[in-house]
Amino acid sequence: MFKTPASHELHELLKAIKGSGMPTPIHTEIMKEFKRLHEMNTSNPDYSVSINYIRYVANLPWNKRTEETLDLEKARNVLKLDHYAMDKVKNRILQFIAVKILNPDRRGPILCFVGPPGVGKTTIAKAIANSLNRTFKRISLGGINHYSDIKGHRRTYIGAMPGCIIQAINQAKTNNPVILLDEIDKMYKGSSGDPAAALLEVLDPEQNSSFVDSYVNLPFDVSQVMFISTANNPFRIPQTLRDRMEIIYLEGYTEDEKMQIAELYLIPKILKDHNMNELQITICKETIKDIIQKYTMETGVRGLQRKLEVICHYIAVDMVENSNKKIKNYVITPELLLNIFDNELYNVKNKLVEQSCNKVGVSIGLSWTPVGGKIQIIEATKLHSRNEKCGIILTGLVGQSLKESVMIAQNWIQSFVKNNNVNINDFAAHVHLPTGGIQKDGPSAGISIACALVSLYWKVPLRPMIGMTGEISLSGYVLPIGGLKEKIIAAYNSNIRTVIIPELNQKDIKKIPKNIREDLNIIPVKNIEEVLDIVFPGGLAMLQNPSFITMDTCKL
């Protein structure tokens, strides 16, 4: 034991230790540290380090928790108020709350929201915190490459401080906040350790009841914290970390959903932020549709929000300049957008789609990009070169998977013509994917490449306006692909009404909005021969009977 400290500073520190509510083993350790501090001369360089350390540990919320609200109806209303659609995510959150109502002591899963930028991953995490009446804290993990950013520095270092987890809990002043680990896929391994490895202890329910930060150097229970993470690409998250989280995919919005979000959420919020009267300003539905189609290219709504804010800025200038005149109403029509935004940024009608119809060696593929689906034209033409090293040339800034898709399509066609006694000795072709400045990769263009090459060598154009997507195997089977919803929506927006998909992707059709699904002819196929029978006039019989057509032998 020691005497009561004479210093007011130490007296307040002792009072904080006694009122902190920390567990007995930790209290014992801190009192040993305090005794050492009490006997230390104030001129000692370690004095300030020690007093700052004890003060920080004493102020941690060891037994302070927020009384959470486990009300299913309230949670449903909060989620509905702040977010449109996202039914899958909302249902999963309501399931979590229902389980907590039945067993409040049960530890919930660690959720990871995966989706493109601007779809509401961060805001849905805030809505979860509001619905549970918990404190919300966000930790940005983008660019973190140091182990100590998560675990903190030992206090022997100059300027030592706790890691981001303990800092967030300390700022929340409660031991059960909702902590958002934002952009968890943007961490990377540096020369000073792997931050993802440091997160393993935090996100593991078996270990996080005694998380030890390097600065605090005492076990702290973070098992009551609800961790939510977000990512754009789940494959950039280390496997060991991914196994500890429940991944929920947030898909991009359709055009109709964006219009609903703009009318119900964005426009009222933006007008309120700009102190403008909703009755005084009208933004037509056609105007919103034009902004979505011609001035933004995204799966989320951030770009749409920025464009709507620009409209408000345009109106604000006119309001201020004519403040002395009679108040007038503003109606924003599609024609007015040219004055506000200048030229259109994107062409709604893909000219290449229209130009590809009834042309030999051209097919319509569907591709996925981080900003949604896209139409990808495949062009093929014969080479007139005697260079034996030419083979098939592939251009359009393509990756390794696409190169292999061309080789597989080429070899399958060779087997097909051999089985049907068609007179083709050698292949010499140039395959090009337009918009050569954009990187392209992936195996889903397999069937569209095969159709373009068959069209080239049989000199028969494909039926017009048929989009297709699917990986092709060497045996001719059509294998499943990803991003089907985005690809089909891109086809629909380009006035393509017939789409060929792999049979194994039929389960994904239900994700497509009903109004779009009912307006399309979606054809599932098992193998490439079924595809050829659909896309060529005369079907497979025409291709198998050499007497129907005359083909030149193409030799290198």
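Residues numbered from 1 in each chain as written. Predicted model: local features only at pLDDT ≥ 70, side-chain atom pairs only at ≥ 80, totals over all residues. Heavy atoms only, no water.

Caption draft 1: Region of the structure containing the packing of aromatic side chains. With the rule as written, the count across this model stands at six aromatic pairs. Taking 5.8 Å as the distance between ring centres and 70° as the angle between the ring planes, the aromatic pair formed by tyrosine 53 and tyrosine 215 counts as edge-to-face. Of this pair, tyrosine 53 sits in helix 3 (residues 45–59) while tyrosine 215 is found in the loop between strand 4 (211–212) and strand 5 (219–220), placing the two residues 162 residues apart along the sequence. On the accessibility criterion, tyrosine 215 (7% relative accessible area) is buried. Among the aromatic residues, those joined into a cluster by ring pairs are Tyr53, Tyr56 and Tyr215. For arginine 497, the ring lying beneath its charged end belongs to tyrosine 492, and the centroid distance is 4.2 Å. (Phe/Tyr/Trp six-rings, centres within 6.5 Å; stacked < 30°, edge-to-face > 60°. Helix = DSSP H or I, 4+ residues; strand = E, 2+ residues; numbered from the N terminus. Buried < 20%, exposed > 50% of the residue type's maximum accessible area, 1.4 Å probe, protein only. Lys NZ or Arg CZ within 6 Å of the ring centre and 35° of its normal.)

Caption draft 2: Main features of the sheet that holds strand 11 (residues 372–382). One open sheet holds the seven strands; their spatial order is 12-13-11-10-14-17-18, and the pairing between them is mixed. Because the sheet does not close on itself, it has two edges, and the strands there are strand 12 (392–395) and strand 18 (521–525). On average, each strand axis in the sheet is inclined to that of its neighbour by 25°, with strand direction left out of account. Pairing analysis gives three bridges linking strand 14 (residues 466–468) to strand 17 (residues 498–502), with the strands arranged parallel. Note on strand 17: the bridge partner recorded for isoleucine 466 is threonine 498. Across the sheet, helix 20 (residues 528–535) touches strand 14, strand 17 and strand 18, and the angle it forms with strand 18 is around 145°. (Pairing = 2+ DSSP bridges. Axes fitted to C-alpha atoms, helices over the stretch in contact; angles between N-to-C directions. Contact = heavy atoms within 4.5 Å.)

Caption draft 3: Focus on the side chain of serine 367. By secondary structure assignment, the location of serine 367 is in strand 10 (residues 362–369). Discounting chain neighbours no more than four positions away, the residues touching serine 367 are Gly372, Gly373, Lys374, Gln376 and Lys487.

Caption draft 4: Focus on the nonpolar core. Core analysis: the biggest nonpolar cluster contains 55 residues, and Ile165, Ile184 and Leu199 have the highest contact counts within it. When contributions to this core are tallied by element, the ones reaching two or more residues are helix 1 (8–18), helix 2 (24–38), helix 3, strand 1 (111–114), helix 8 (164–172), strand 3 (178–182), helix 9 (195–203) and strand 6 (226–231). In terms of residues, this core owes the most to one element, helix 3, which gives seven residues. Setting aside chain neighbours within four positions, we find leucine 199 in contact with Leu141, Ile150, Ile165, Leu181, Ile184, Met187 and Leu241. With 51 residues, the next largest nonpolar core counts Leu250, Met259, Ile267 and Ile332 among its residues. (Core = buried A, V, L, I, M, F, W, Y, C linked by side-chain atoms within 4.5 Å.)

Caption draft 5: Here's a closer look at the pairing of strand 13 (residues 429–432). Judged by which residues are buried, strand 13 turns out to be one-sided: Ala429 and Val431 face inward and are buried, whereas His430 and His432, on the alternate face, are not. Across four bridges, strand 11 lies against strand 13 in antiparallel orientation. Paired with glutamate 379 across the strands is histidine 432, a residue of strand 13. Relative to strand 13, strand 12 is paired through four bridges, and the arrangement is parallel.

Caption draft 6: Looking closely at the side chain of serine 405. Position of serine 405 among the secondary structure elements: in helix 16 (residues 400–419). Among the residues examined, serine 405 registers a relative accessible area of 4% and is labelled buried. Beyond its immediate stretch of four places on either side in the chain, serine 405 contacts Gly442, Pro443, Gly446 and Ile449.

Caption draft 7: Quick look at helix 17 (residues 446–458). Given a rise of 1.5 Å per residue, 13 residues ought to cover 18 Å, and the 18 Å separating the end C-alpha atoms of helix 17 matches this to within 8%. Across the 13 residues that make up helix 17, a large majority, 13, are buried. Two residues or fewer past helix 17, lysine 459 is found with a positive phi of approximately 55°. (Expected span 1.5 Å × (residues − 1).)

Caption draft 8: Seen up close, a negative patch on the surface. A cluster of acidic side chains, namely Glu503, Glu529, Glu530 and Asp533, defines a negative patch on the protein surface. Structurally, glutamate 529 can be placed in helix 20. What makes glutamate 529 partly exposed here is its relative accessible area of 33%. (Patch = residues over 30% accessible without salt bridge, like charges linked within 9 Å, V, L, I, M, F, W, Y side chains within 5 Å. Areas by Shrake-Rupley, 256 points an atom, 1.4 Å probe, with all protein chains shown as cover. Salt bridge = Lys/Arg side-chain N within 4 Å of Asp/Glu carboxyl O. Lys, Arg positive; Asp, Glu negative; His and termini not counted. Charge placed at Lys NZ, Arg CZ, Asp CG, Glu CD.)

Caption draft 9: Molecular detail of the environment of alanine 445. Considering the arrangement of structural elements, one finds alanine 445 in the loop between strand 13 and helix 17. For alanine 445, a relative accessible area of 13% puts it in the buried group. Along the primary structure alanine 445 and serine 405 are separated by 40 residues, whereas in three dimensions their C-alpha atoms are 7.2 Å apart. Apart from the residues lying within four places of it in its own chain, the contact partners of alanine 445 are Leu402 and Gly470.

Caption draft 10: Region of interest: the sheet that holds strand 7 (residues 246–249). One open sheet accounts for five strands, arranged 2-3-6-1-7; its pairing is parallel. In this open sheet, the two edge strands, each paired with only one partner strand, are strand 2 (136–140) and strand 7. Between one strand and the next, the sheet's axes are offset by a mean angle of 25°, whatever the strand orientation. The pairing of strand 1 with strand 7 spans four bridges and is classified as parallel. Paired with leucine 111 across the two strands is glutamate 246, which belongs to strand 7.

Caption draft 11: Spotlight on the packing of helix 1 against helix 2. The interhelical angle for the contact between helix 1 and helix 2, taken along N-to-C directions, is 175°, at an axis separation of 11 Å. Taken together, the axes of helix 1 and helix 2 are roughly antiparallel relative to one another. Taken together, the residues of helix 2 that come into contact with helix 1 (itself represented by Leu10, Leu13, Leu14 and Ile17) are His27, Ile30, Met31, Phe34, Leu37 and His38. For the contact of helix 1 with helix 2, the per-class residue count stands at eight nonpolar, two polar and no charged. (Parallel < 35°, antiparallel > 145°, perpendicular 65-115°, else oblique. Nonpolar A, V, L, I, M, F, W, Y, C, P; charged D, E, K, R; others polar.)

Caption draft 12: Focus on helix 3. With 15 residues, helix 3 ought to run about 21 Å at 1.5 Å a step, and its terminal C-alpha atoms sit 23 Å apart, in line with that. Here the buried face of helix 3 lies against helix 1, helix 2 and helix 8. Of the residues flanking the start of helix 3, the one acting as N-cap is asparagine 44, its side-chain oxygen 2.9 Å from the backbone nitrogen of aspartate 46. (Polar contact = N/O pair within 3.5 Å; in protein donor to acceptor, adjacent residues only side chain to side chain.)

Caption draft 13: Main features of the domain arrangement of the protein chain. With domains assigned, the protein chain is organised as domain 1 (8–59), domain 2 (72–249), domain 3 (255–341) and domain 4 (349–544). Taken over C-alpha atoms, the centre of domain 1 sits 57 Å from the centre of domain 3. (Domains from an automatic or database assignment.)

Caption draft 14: Representation of the pairing of strand 3 within the structure. Of all five residues that make up strand 3, five are buried, and the element is covered over most of its length. With burial as the criterion, each face of strand 3 is covered, one bearing Val178, Leu180 and Asp182 and the other bearing Ile179 and Leu181. As paired elements, strand 2 and strand 3 share five bridges and run parallel to each other. Following the sheet pairing, serine 140 is matched in strand 3 by aspartate 182. Sheet topology places strand 3 next to strand 6; four bridges connect them, and they run parallel. Its bridge partner lying in strand 6, leucine 180 is registered against isoleucine 228.

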